[in-house]
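# Structure assessment
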Amino acid sequence: MGALAPAAAALALHKSPGLSGPRQCAPAMEWAVLLLLPVALCALLYLLGRWLLGLDGDLTLLWAEWRGKRPENELPDKVVWVTGASSGIGEELAYQLAKIGALVVLSARRENELERVKQKCLEISNLSSKDILVLPLDLTDRSFHETATKTVLQHFGRIDVLVNNGGRSQRSLFVDTKVDVYAAIMELNYLGTVSLTKHVLNHMVQREKGKIVTVSSVMGIMGAPLATGYCASKHALQGFFNSLRPELGEYPEIIITTICPGPVQSKIIHNVFTEDLSKSLENTGDQSHKMPTDRCVRLTLVSMVNDLKEAWISDHPYLAVCYLWQYAPTWAWWLMNKMGKIRIQNFKRGVDADVSYSQKKKA
């Protein structure tokens, strides 16, 4: 036993915590982790921020684009009626639908422009002339909406999707604007859309299926100067379709989708309401800083086929403001006041209202 004592003492000395070994390294490693953790967290937040700043749609929509149904698989041979199809978002919708193989009804006031759009649709697709119906339509002529709906049904036999895209924007300050302008905005953007929807919905209820897609605006979620009447009409559409959706609860295959685009590269600015019905906007400004129309339309089609109730399609800062308006309205008011001053200054200088804070950096 006495012979084992030195060995035992040596072993105890080797395991002593005060001497070199694995236990001596532990405090140093803990300090290293504590120092690196904030750095890693900052890097993660930076990457997350850069990713969020690059988004051009709400998270539900972008998830649907990544993992959901594809328009190319869902829309061939579907009858899609597009209003406001002579320019802008409506025109681009016609082109993308034609390429996919949907049967398209083109409606707007200018028949010659509709024929131009139809011709291009035929050039870029495999559709024949009978697959595209040109149907001139004035949304403010509500007495014609029932006849227009019957014309579509006589031609195609059904309406699978109605895209309410027709309407006009506004650029004028309230204090300068005549009340007649507000009446015209509501008649076109709101009542015209409601009227046409009513006639098409009657058909969809009989079939117990169909989609009604309405192009509203981020201005239907928030408010902005220079567009008081336009914002009011889009808020009215949001309220109407949000109320109509639960009324159709017994028809689960009738889908109501509201699209809320931000600023988009289109000719809508050339035909806006101003302070007087007889006056047009003199300076439209550069539109290149806005979201490309084809991207907006692609996300609209993704929203359509994935049955989204509402979709926000916009670059920043308007996309960020939508989220703030939803979850932090006090901050949203503060930010919109800042943006509003810039919009008014730009308008008075004769440039596009959104150019300063939407300007994209050039490579």
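It should be noted that the structure appears before, not after, this text.
The text that follows walks through the structure, step by step, so that each part is easy to find. (Residues numbered from 1 in each chain as written. Predicted model: local features only at pLDDT ≥ 70, side-chain atom pairs only at ≥ 80, totals over all residues. Heavy atoms only, no water.)

Another point: the pattern of salt bridges. Tallying each qualifying case throughout the model produces 15 salt bridges. Across the salt bridge formed by Arg 116 and Glu 91, the nearest N and O atoms sit 3.0 Å from each other. With Arg 116 in helix 6 (residues 111-124) and Glu 91 in helix 5 (residues 88-100), this residue pair connects regions lying 25 residues apart in the sequence. Judged by relative accessible area, Arg 116 falls into the partly exposed class, the value being 35%. Arg 116 is the partner of Glu 113 in a salt bridge, and the nearest nitrogen-oxygen pair spans 2.9 Å. Taken together, the positions of Glu 113 and Arg 116, both in helix 6 and 3 residues apart, correspond to about one turn of that helix. (Salt bridge = Lys/Arg side-chain N within 4 Å of Asp/Glu carboxyl O. Helix = DSSP H or I, 4+ residues; strand = E, 2+ residues; numbered from the N terminus. Buried < 20%, exposed > 50% of the residue type's maximum accessible area, 1.4 Å probe, protein only.)

Turning our eyes to something else, we now look at unusual backbone geometry. Here the amide bond leading from His 316 into Pro 317 is cis, since omega sits at 10 degrees, within 30 degrees of zero. Of note, Glu 208 is a non-glycine position whose phi angle comes to about 65 degrees, a positive value. As for its placement among the helices and strands, Glu 208 is situated in the loop between helix 8 (179-207) and strand 5 (210-215). The phi dihedral of Asp 307 falls on the positive side, at around 55 degrees, and the residue is not glycine. Tracing the backbone shows Asp 307 in the loop between helix 10 (293-305) and strand 7 (310-313). Overall, Asp 307 belongs to the partly exposed group, its relative accessible area being 28%.

Across the 6 residues that make up strand 5, a large majority, 6, are buried. Residues of strand 5 alternate between two faces, with Gly 210, Ile 212 and Thr 214 on one and Lys 211, Val 213 and Val 215 on the opposite face, all of them buried. Bridging between strand 4 (residues 161-164) and strand 5 involves 4 bridges; their strand directions are parallel. Its bridge partner being in strand 5, Val 163 is matched across the sheet by Val 213. In this region the chain leaves strand 4, passes through helix 8 and returns to the parallel neighbour strand 5; the handedness of that crossover is right-handed. Strand direction decides the pairing type here: strand 5 and strand 6 (residues 254-261), joined by 6 bridges, are parallel. Among the inter-strand pairings, Val 213 is bridged to a residue of strand 6, identified as Thr 257. For the crossover that starts at strand 5, traverses helix 9 (residues 228-247) and ends in the parallel strand 6, the hand is right-handed. (Pairing = 2+ DSSP bridges. Right-handed = clockwise from strand over helix to strand, strands pointing away.)

Before going further, it helps to spend a moment on the side chain of His 145. Here His 145 lies in helix 7 (residues 145-156). Within the structure, the side chain of His 145 is placed 2.8 Å from the side chain of Ser 195, a separation counted as a polar contact. Residues in contact with His 145, not counting those within four places in the same chain, are Leu 137, Asp 138, Leu 139, Gly 192, Ser 195, Leu 196 and His 199. (Polar contact = N/O pair within 3.5 Å; in protein donor to acceptor, adjacent residues only side chain to side chain. Contact = heavy atoms within 4.5 Å.)

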